[in-house]
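Read off the chains here:
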Amino acid sequence: MKRLRIALVIDDIYPASSGVGRSVQTQLEELTALGHQVTLLAPATGLEPPQGITTIALPSWRLPGLPRHTSIVRCSRRFARQLARQHQFDIIHSQTDTGALLLSARLARQLGIPHVHTFHTNMAGAHRTQPILTCLSSLGYRLVAYMLASAHRTRPQRAGRITLPGESAIARFDWRSQAIVAQAVTAVTTPSHYMLRYIRTAAGPVSITGTTIPTGYNRTFQRILQRTHRRRTGTGLRFVSISRLVKEKRLGRVISAFTKANIPGSELVIIGDGQERSRLETKAKLKLKSLRGTHKPSITFTGQVQRLEDIAQALRDADAFVLASYRFDNQPIVIPESLAAGLPVLYCDDRLDVGLSPTNSLLVGPSIKQLAAGMQQLADDSTRHTLATGAQHALADLSPEATATAYCQLYRQVLQQHAAANKPQ
């Protein structure tokens, strides 16, 4: 098989504990192990080049309000021409939706190669919790979509009326923007099935080349997890949540549900940072203060955790993972990582069907009452043991090898289609 020259492009700081960063790390390691020549293009700020991987440090800038782990890389036509003169690739794969997306499009045009894009983020998901603030983001993303179409010299096709049950008008606007992006690039991937299904619906009659490729757990993380042993000696039940502390993740619901469940001696450990941290810490103190009795539950905020060793230790020391986001997440990296650690997952979004099943996880409704009832169910040792055993059976489809093999199959497919479309008549 021909050795491919693959460029992976991101706006996120590398390395970082973000899901995109860890997903890209998996791709870098696994595609290289398969014998391909992989190049990482990432922001110069905070960059720690991965060992054995050709890395191009990109100038970038930050908009106020962006998460700390991300930026917008330089993506001008002039800069793309400069990179094209210095580097050669067979395929370019963008992983984030701003500068990296536009730079990849312009590089693909300059080099005459296919452009694959992965939608890691559900752009339409934030409107349920921040309907006013996210409208500006929606307009900005539509502008990026049109700029991308222009870079690829495609004209967005009209989709007509979009039918997406349960989605608001502004959410449908976002799905349409993502459909415009999907029409412009050569092919797209999504970690979850529903994401690709919604994008295709928003594209109307226009065919979208793409596939669902789950975000598998990272081999490096797996090795760390294998040598990490439980340190906690307490007997109380510990729930853990790892995420950015933003409204979309609904950590306030987790805190309310945890205190409502009021399981004696239980713990809730919240790992992550974000604009909601101060409010959540205040809420946790007030909720815990209202509880009565001995052996009261406790809530701990650790702040941001960057080292994979620390994430692995947190999972080993926990008894269950809690994910309370609803109609927002695509396929969080913490799902396969929690399953790899043998943790049952308590979640409430029935659209998250990759890796999660009744054999390894507990699906409940999105209300505080329903989440609390789920926590009480997981207080039963036999229930947790049964789900933890089932977690091991989900790992084959989420392995790093499966992820890399699926990407290679897609790359070869689009390269064949690209060659056929550009074959001289």
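Below, the structure is looked at part by part. Everything numeric here is computed off the predicted structure, so don't read it as measured data. (Residues numbered from 1 in each chain as written. Predicted model: local features only at pLDDT ≥ 70, side-chain atom pairs only at ≥ 80, totals over all residues. Heavy atoms only, no water.)

1. As for the packing of aromatic side chains
So, point 1. Tallied over the full model, the rule gives 5 aromatic pairs.
So, point 2. Between W175 and Y194, the aromatic rings sit 6.5 Å apart at their centres with planes inclined by 80 degrees, giving edge-to-face as the arrangement. With W175 in helix α5 (residues 169-184) and Y194 in helix α6 (residues 193-202), this residue pair connects regions lying 19 residues apart in the sequence.
So, point 3. Plain terms: the ring middles of Y194 and Y198 are 5.6 Å apart, the flat faces sit at 85 degrees to each other, and that makes the pair edge-to-face. Placement of both Y194 and Y198 in helix α6 is noted, with a separation of 4 residues, approximately one turn of the helix. Just as Y194 is buried, Y198 falls in that class too.
So, point 4. A cation over a ring is seen here: R142 above F173, with NZ or CZ 3.9 Å from the ring centre. (Phe/Tyr/Trp six-rings, centres within 6.5 Å; stacked < 30°, edge-to-face > 60°. Helix = DSSP H or I, 4+ residues; strand = E, 2+ residues; numbered from the N terminus. Buried < 20%, exposed > 50% of the residue type's maximum accessible area, 1.4 Å probe, protein only. Lys NZ or Arg CZ within 6 Å of the ring centre and 35° of its normal.)

2. Side note on a positive patch on the surface
So, point 1. A cluster of basic residues, R74, R77, R78, R81 and R85, forms a positive patch on the protein surface.
So, point 2. The exposure class assigned to R81 is partly exposed, which follows from its relative accessible area of 37%. (Patch = residues over 30% accessible without salt bridge, like charges linked within 9 Å, V, L, I, M, F, W, Y side chains within 5 Å. Areas by Shrake-Rupley, 256 points an atom, 1.4 Å probe, with all protein chains shown as cover. Salt bridge = Lys/Arg side-chain N within 4 Å of Asp/Glu carboxyl O. Lys, Arg positive; Asp, Glu negative; His and termini not counted. Charge placed at Lys NZ, Arg CZ, Asp CG, Glu CD.)

3. Details of the pattern of salt bridges
Any two side chains of opposite charge can pair, given that their charged atoms come close.
So, point 1. As enumerated under the stated definition, the model contains 19 salt bridges in all.
So, point 2. Salt-bridge contacts for R351 lead to E167; the nearest nitrogen and oxygen are separated by 3.5 Å. Of this pair, R351 sits in the loop between β14 (345-347) and β15 (361-363) while E167 sits in the loop between α4 (133-151) and α5, and the two are 184 residues apart along the sequence.
So, point 3. The residue E276 makes a salt bridge to R279 at a minimum N-O spacing of 2.6 Å.
So, point 4. Under the relative-accessibility criterion, R279 is labelled partly exposed at 42%.
So, point 5. Taken together, the salt bridges that share partners define one network made up of R230, R232, R238, E267 and D319.

4. A word on the sheet that holds strand β11 (residues 267-271)
So, point 1. What the 6 strands build is an open sheet, ordered β12-β11-β10-β13-β14-β15; its pairing is parallel. Among the strands making up the open sheet, the edge pair consists of β12 (298-303) and β15. When strand polarity is set aside, the average angle formed by the axes of neighbouring strands in this sheet is 20 degrees.
So, point 2. Direction of pairing for strand β10 (residues 238-242) relative to β11: parallel, over a ladder of 5 bridges. (Pairing = 2+ DSSP bridges. Axes fitted to C-alpha atoms, helices over the stretch in contact; angles between N-to-C directions.)

5. Re the nonpolar core
So, point 1. Ranked by size, the top nonpolar core spans 82 residues in total, and within it L41, L58, L103, W175, V240, L315 and F321 carry the most contacts.
So, point 2. The element best represented in this core is helix α3 (residues 99-111), accounting for 8 residues.
So, point 3. Beyond its immediate chain neighbours, meaning those up to four positions away, L315 contacts F221, V240, I242, F321, E337, S338, A341 and L343.
So, point 4. Within the second largest apolar cluster, 30 residues are counted, among which are L237, F239, V322 and L387. (Core = buried A, V, L, I, M, F, W, Y, C linked by side-chain atoms within 4.5 Å. Contact = heavy atoms within 4.5 Å.)

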